[in-house]
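Residues per chain, in single letters:
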Amino acid sequence: MSFPHIFEPLDLGFTTLKNRVLMGSMHMGLEEEKNGFDKLAAFYQARAKGGVGLIVTGGIAPNFAGRVEPKGSQLSFFWHVNKHKKITNAVHQEGGKICLQILHTGRYAYHPFNVSASAIKSPISPFKPKALSERGIKKTINDFVNCAYLAQKAGYDGVEIMGSEGYLINQFIAPKTNKRTDDWGGSFENRTRLALDIVRQTREKVGPDFIIIFRLSMLDLVDEGSTFDEVVKLAKLLETAGVTILNTGIGWHEARIPTIVTSVPRKAFTWITERIKQQVSIPVITTNRINTPEVAEQILSSGQADMVSMARPFLADADFVNKAKENNSDQINTCIACNQGCLDHVFQRQRATCLVNPVAGYETELLFKTVVEPKKLAVVGAGPAGMAFACYAAERGHEIHLFDAEQSIGGQFNIAKTIPGKEEFYETIRYFENRLKQLGVHLHLGQTKDAESLVAGDFDKIVIATGITPRKLPIPGFDSDKVLGYLDVLKHHKPVGKNVAIIGAGGIGFDVACALTQPKSHTLDLEHWLAYWGVDTDYSERGAIKKQKEDQPTRKIYLMQRKNTKVGAGLGKTSGWVHRMELKRSGVDMMAGVEYKALTEEGLEIIIDGETRILDVDNVIVCAGQLSNTTLADELKALGADVEIIGGASYASELDAKRAIRQGAELASTI
Ligand code: FAD
Ligand code: NAP
Ligand code: SF4
């Protein structure tokens, strides 16, 4: 077996976990949907079937104040129990184990009834919390205990008490948010009383044979957070209070240090779990940016942790663990940490899914049934849309011929993966390459298809996934050699000067600016990355943050858009701020409300705030969106061929890989 440490059972005394992999808590948005628990049950069942050792559910509030939002899910009454039984039964049917996460959001709640240790508003909720009275605190403890008891009644194998990420319990622990002067604030003993009373009383209520995981904030990454000594002391007290397993929490949601986006190096925070593990005798789980069995095995074999938690990797591939067990880790659909289908959806109050796996969260809806009469299908374009369609359609039994003009599959993902901090995008191409092979898809590379050759191919249907062409701008002077397209820079590596104007501040404009300002990817050098973001591995101050290490700007860049909105407002909710911060620190001038007039001998003439400015630049790089490649589809239709169009070829506006892959999958499920 390639991963002996992953598959070593973990004996907890009263129960044994079959391996060292925990599926971390993820709110799916199904918790609040009509009939959502049936869909949730199918979602968890697929992961249990996929072999994961222990699952933790998305956070469920122990009372109304603790809900994420007014309609957020809560487990407080007996009549809530039955719907949870759907989940526990489904997981147990597959031989899996599952814990319910009890999450009280405290001041992070997105409603006006929120509470905290002190009445201090958080920067990420518009609602100022009420400080809990002493009576309110005792009632909150009872609500946690009651929630755990009901979870036990619902058949869960245990609970995870959420004590990190800046939620209520963490708000009591840290001096930043706890300014109380009574028995629940001030000294370490008082600030940790809530956490310890919850654990003690929960253990008393549920008895010894029930898993209690405590998610402990090992690095708050905010000022006035805990000290290292306090984290260690609390870890030991939690062990004594009855915790079965300690899980790692990294960074409050309001922290200005990225903790899970794709540019965070793999296993960037395991070093802190390792230090805490040395101080306690209960098993300790490590988390954050672990997305392959190889990384998990490395952590476990070097003794840094007893278990490894992965959350998003189980959205990307429900069968992650079984594939690793069967030595097929190269068949795993790897989470690329983009957040586009999962966290960004949750923040927009949409159901969570996955960019690389559109079935996640749609297990009962997006189905690929074996066909009775297989068809011979041509797919033109092996970008995300074409690759996804080809795989899902082949899975159903169709004969698929996939064509691409290039010598490799992947389409624009081949360019995306070259951007510093986006190295993970390579994994998606690797996955599809192996999957296409496994499914027997006929791959025809280096073939630019035209309508005649396709019609002559005698296909039942032709699926056009030819993607896009970058938009060119009819601005005076833009026929100059100084004007480059983003493909000239990123794909053809044309030289770029020291002073640059980028036209268009969408995802690609940001990526080009990043590529031009970051000669070496921060992501590939953990030590540098930690210093760049100011993570204090010496833990010399509360919260483990220190002054960020500055990089010297290598170029003068203007990143511009016509809209008056904040530059980068259209980027992902959970990742856009990281890109904006990086570019700001590289001295990139972000300009909104710009009118482009002409490129002349003097430079790029623009109007901004009613004033004309000339930017003295060596190059102008156009990143002004794209247009669909529709010629082939139009020609085929004219010849009477049966054609379907997906991805960028169908419409280019607001196209991203999430839409391209989903469109490919949806078409394959019906064809
Ligand atoms: P494409 O990826 O464009 O693929 C089309 C394929 O068709 C190409 O391989 C092409 O060679 C082939 N083709 C065209 N015509 C023919 C023909 N006649 N015969 C044979 N083959 C043909 N999206 C995200 O969601 N998140 C990101 O972070 C992200 N980052 C990006 C960064 C960069 C730098 C770039 C350039 C793009 C990024 N994207 C990102 C966008 C994403 O890659 C695209 O939305 C996605 O690739 C579109 O998929 P598609 O299959 O429709 O088209
Ligand atoms: P985009 O996000 O739509 O941005 C296009 C930019 O060009 C905008 O800034 C737009 O702003 C500008 N523009 C549009 N038409 C113009 C015109 N006629 N003249 C001048 N400027 C014009 O597209 P993209 O940057 O090309 O990215 C393509 C897709 O890939 C996007 O959907 C994106 O989501 C995805 N992608 C995502 C990421 C990510 O990190 N999530 C990264 C890269 C790419 P104004 O109209 O205001 O000028
Ligand atoms: Fe991972 Fe992106 Fe899928 Fe989320 S959407 S699970 S981050 S690949």
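Only a predicted model underlies this, so the values are computations on that prediction, with no experimental measurement involved. (Residues numbered from 1 in each chain as written. Chains lettered and ligands numbered in written order. Predicted model: local features only at pLDDT ≥ 70, side-chain atom pairs only at ≥ 80, totals over all residues. Heavy atoms only, no water.)

## Things to note about the site of ligand 2
- Surrounding ligand 2, one finds 21 residues, the nearest of these being Ala505, Ile508, Arg562, Lys563 and Leu655.
- A distance of 3.2 Å separates an oxygen atom of ligand 2 from a polar backbone atom of Gly507.
- One of the backbone N or O atoms of Lys563 is found 2.8 Å from an oxygen atom in ligand 2.
- Notes on ligand 2: free accessible area 890 Å², of which the protein chains cover 77%.
- Top contributing element to the shell around ligand 2 by residue count: helix α18 (residues 507-517), with 3 residues.
- Among the domains, domain 2 (376-469 + 628-670) and domain 3 (472-624) are the pair contributing at least three residues each to the shell around ligand 2. (Near = heavy atom within 4 Å. Polar contact = N/O pair within 3.5 Å; in protein donor to acceptor, adjacent residues only side chain to side chain. Areas by Shrake-Rupley, 256 points an atom, 1.4 Å probe, with all protein chains shown as cover. Helix = DSSP H or I, 4+ residues; strand = E, 2+ residues; numbered from the N terminus. Domains from an automatic or database assignment.)

## Description of the packing of aromatic side chains
- Counted under the stated rule, the structure contains 14 aromatic pairs.
- Ring geometry for Phe43 and Tyr44: centres 5.1 Å apart, planes at 65°, overall edge-to-face.
- Where Phe413 meets Phe425, the ring centres are 4.9 Å apart and the plane angle is 50°; that geometry is what we call tilted. Of this pair, Phe413 sits in helix α14 (residues 413-416) while Phe425 sits in helix α15 (residues 425-438); the two residues are 12 residues apart in sequence, bridging distant segments of the chain. Across the pair, exposure class does not vary: Phe413 and Phe425 are buried alike.
- Seen from the ring of Tyr149, Lys205 lies directly overhead, with NZ or CZ sitting 4.5 Å from the centre.
- The aromatic ring of Tyr110 is capped on one face by Arg349, whose charged end is 4.9 Å from the ring centroid. (Phe/Tyr/Trp six-rings, centres within 6.5 Å; stacked < 30°, edge-to-face > 60°. Buried < 20%, exposed > 50% of the residue type's maximum accessible area, 1.4 Å probe, protein only. Lys NZ or Arg CZ within 6 Å of the ring centre and 35° of its normal.)

## Here we look at the sheet that holds strand β25 (residues 619-622)
- What the 5 strands build is an open sheet, ordered β18-β25-β19-β20-β21; its pairing is parallel. Each of the sheet's edge strands pairs with one partner strand only, and the pair in question is β18 (483-485) and β21 (589-591). With strand direction ignored, the average angle separating the axes of adjacent strands in the sheet is 20°.
- Pairing of strand β19 (residues 499-503) with strand β20 (residues 556-560) involves 5 bridges; the strand directions are parallel. Looking at β20, one finds that Ile502 is bridged to Leu559.
- Contacts between α18 and the sheet are confined to β19, β20, β21 and β25, with β20 contributing the most and set at about 175° to the helix. (Pairing = 2+ DSSP bridges. Axes fitted to C-alpha atoms, helices over the stretch in contact; angles between N-to-C directions. Contact = heavy atoms within 4.5 Å.)

## Quick look at the site of ligand 3
- The immediate surroundings of ligand 3 are formed by Arg312, Leu315, Cys335, Ile336, Ala337, Cys338, Asn339, Gly341, Cys342, Cys354 and Leu355.
- Under a 2 Å grid-point criterion requiring more than half of the atoms, the pocket assigned to ligand 3 is the largest cavity.
- When its residues are assigned to classes, the shell around ligand 3 shows 8 nonpolar, 2 polar and 1 charged. (1 Å grid on protein atoms, 1.4 Å probe; cavity = no way out; pocket = protein on both sides within 12 Å on 5 of 7 lines; lining within 4 Å. Sits in = over half its atoms within 2 Å of the grid points. Nonpolar A, V, L, I, M, F, W, Y, C, P; charged D, E, K, R; others polar.)

## Observations regarding the sheet that holds strand β16 (residues 461-464)
- Strand order in this open sheet of 5 strands is β15-β14-β13-β16-β27, and the pairing throughout is parallel. Looking along the sheet, the strands with just one partner apiece sit at the ends: β15 (442-445) and β27 (643-645). Between one strand axis and the next, the sheet turns by 20° as a mean value, whatever way the strands run.
- As defined by bridge partners, β16 adjoins β27 across 3 bridges and the pair is classed as parallel. Residue pairing across strands places Ile462 opposite Val643, the latter belonging to β27.

## Focus: the nonpolar core
- Ranked by size, the top nonpolar core spans 157 residues in total, and within it Phe214, Leu246 and Phe389 carry the most contacts.
- Among the elements that line this core, the one with the most residues is helix α13 (residues 384-396), at 9 residues.
- Setting aside residues no more than four positions away along its own chain, Leu246 makes contact with Phe214, Leu216, Ala235, Leu238, Ile276, Val280, Ile282, Pro283, Val284 and Ile285.
- Formed by 25 residues, the second largest nonpolar core is a distinct cluster that contains Val512, Leu571, Leu583 and Cys623. (Core = buried A, V, L, I, M, F, W, Y, C linked by side-chain atoms within 4.5 Å.)

## A short note on the packing of helix α1 (residues 36-49) against helix α2 (residues 81-93)
- For the pair α1 and α2, the least separation of the axes is 8 Å and the interaxial angle reads 20°. If you check the angle between α1 and α2, you find them roughly parallel. In the packing of α1 onto α2, the handedness of the crossing is right-handed. For the pair α1 and α2, contact is made by Phe37, Asp38, Leu40, Ala41, Tyr44, Gln45 and Ala48 and by Lys83, His84, Lys86, Ile87, Ala90, Val91 and Gln93, respectively. (Parallel < 35°, antiparallel > 145°, perpendicular 65-115°, else oblique. Left-handed = near helix turned anticlockwise from the far one by under 90°.)

## Some details on the pairing of β16
- The alternating pattern of β16 places Lys461 and Val463 and Ile462 and Ile464 on opposite faces, both of which are buried.
- Relative to β16, strand β13 (residues 376-380) runs parallel, the two being bridged by 4 bridges. Considered in β16, the bridge of Val380 is made with Ile464.

## Considerations on the domain arrangement of the protein chain
- Domain boundaries assigned for the protein chain yield domain 1 (10-347), domain 2 (376-469 + 628-670) and domain 3 (472-624).
- Using C-alpha coordinates to define each centre, domain 1 is positioned 39 Å away from domain 2.
- Listed per partner, the contact involves 16 residues of domain 1 and 14 residues of domain 2.
- When the two sides are added together, the surface that domain 1 and domain 2 hide from each other amounts to roughly 1,200 Å², 45% of it contributed by carbon and sulfur.
- When residues of domain 1 are sorted by the area they lose upon contact with domain 2, Gln331, Ile336 and Gln340 head the list and together hold 40% of the total.
- Where domain 1 packs against domain 2, one counts 3 salt bridges.
- One salt bridge in this structure joins Glu424 and Arg289, with 2.7 Å as the shortest N-O distance.
- At the junction of domain 1 with domain 2, the criterion picks out 10 residue pairs in polar contact (both at pLDDT 80 or more). (Buried area = accessible area lost by both parts, 1.4 Å probe. Salt bridge = Lys/Arg side-chain N within 4 Å of Asp/Glu carboxyl O.)

## Here's the deal with the side chain of Thr192
- Within the secondary structure layout, Thr192 lies in the loop between α5 (188-191) and α6 (193-206).
- Judged by its relative accessible area of 1%, Thr192 is buried.
- Engagement of the side chain of Thr192 in a polar contact is seen with the backbone oxygen of Glu189, the distance being 3.4 Å.
- Apart from the residues within four sequence positions on either side, Thr192 is in contact with Ile173 and Leu234.

## What to know about helix α3 (residues 134-153)
- For α3, built from 20 residues, the straight-helix expectation of 28 Å at 1.5 Å per residue is met to within 8% by its first-to-last C-alpha distance of 29 Å.
- Taken residue by residue, α3 has Gly136, Ile137, Thr140, Ile141, Asp143, Phe144, Val145, Cys147, Ala148, Leu150 and Ala151 as its buried positions.
- Packing partners of the buried residues in α3 comprise α2, β5 (98-102), β8 (158-163), α4 (168-173) and α6.
- Directly beyond the C-terminal end of α3, a positive phi value near 100° is found at Gly155. (Expected span 1.5 Å × (residues − 1).)

## Section: empty space enclosed by the protein
- Here the structure, examined in full by the defined rule, presents 5 cavities of 30 Å³ or more.
- Of the volumes computed, that of the largest cavity is approximately 90 Å³.
- What lines the largest cavity is a set of 14 residues, and nearest its centre among them are Cys335, Cys338, Cys342, Cys354 and Leu355.
- Class assignment for the residues of the lining of the largest cavity results in 10 nonpolar, 3 polar and 1 charged. (Points joined across faces, edges and corners; volume = space filled by probe spheres on them.)

## Observations regarding the pattern of salt bridges
- Going through the model one piece at a time under the given rule, you end up with 35 salt bridges.
- One salt bridge connects Arg542 with Glu230, and the closest N-O pair in it is separated by 2.8 Å. Residue Arg542 is found in the loop between α19 (526-533) and β20, and its partner Glu230 is found in helix α7 (residues 228-241); the two are separated by 312 residues along the sequence.
- In this structure, Arg266 engages Glu427 in a salt bridge whose closest nitrogen and oxygen atoms are separated by 3.0 Å. Pair noted here: Arg266 is in the loop between β10 (245-250) and α8 (270-277) and Glu427 is in helix α15, with a separation of 161 residues, a long-range link.
- Residue classification places Arg266 among the partly exposed residues on the basis of a relative accessible area of 28%.
- On the basis of relative accessibility, which here comes to 12%, the residue Glu427 falls in the buried class.
- Through salt bridges with shared partners, one network takes in Arg266, Arg289, Glu424, Glu427 and Arg430.

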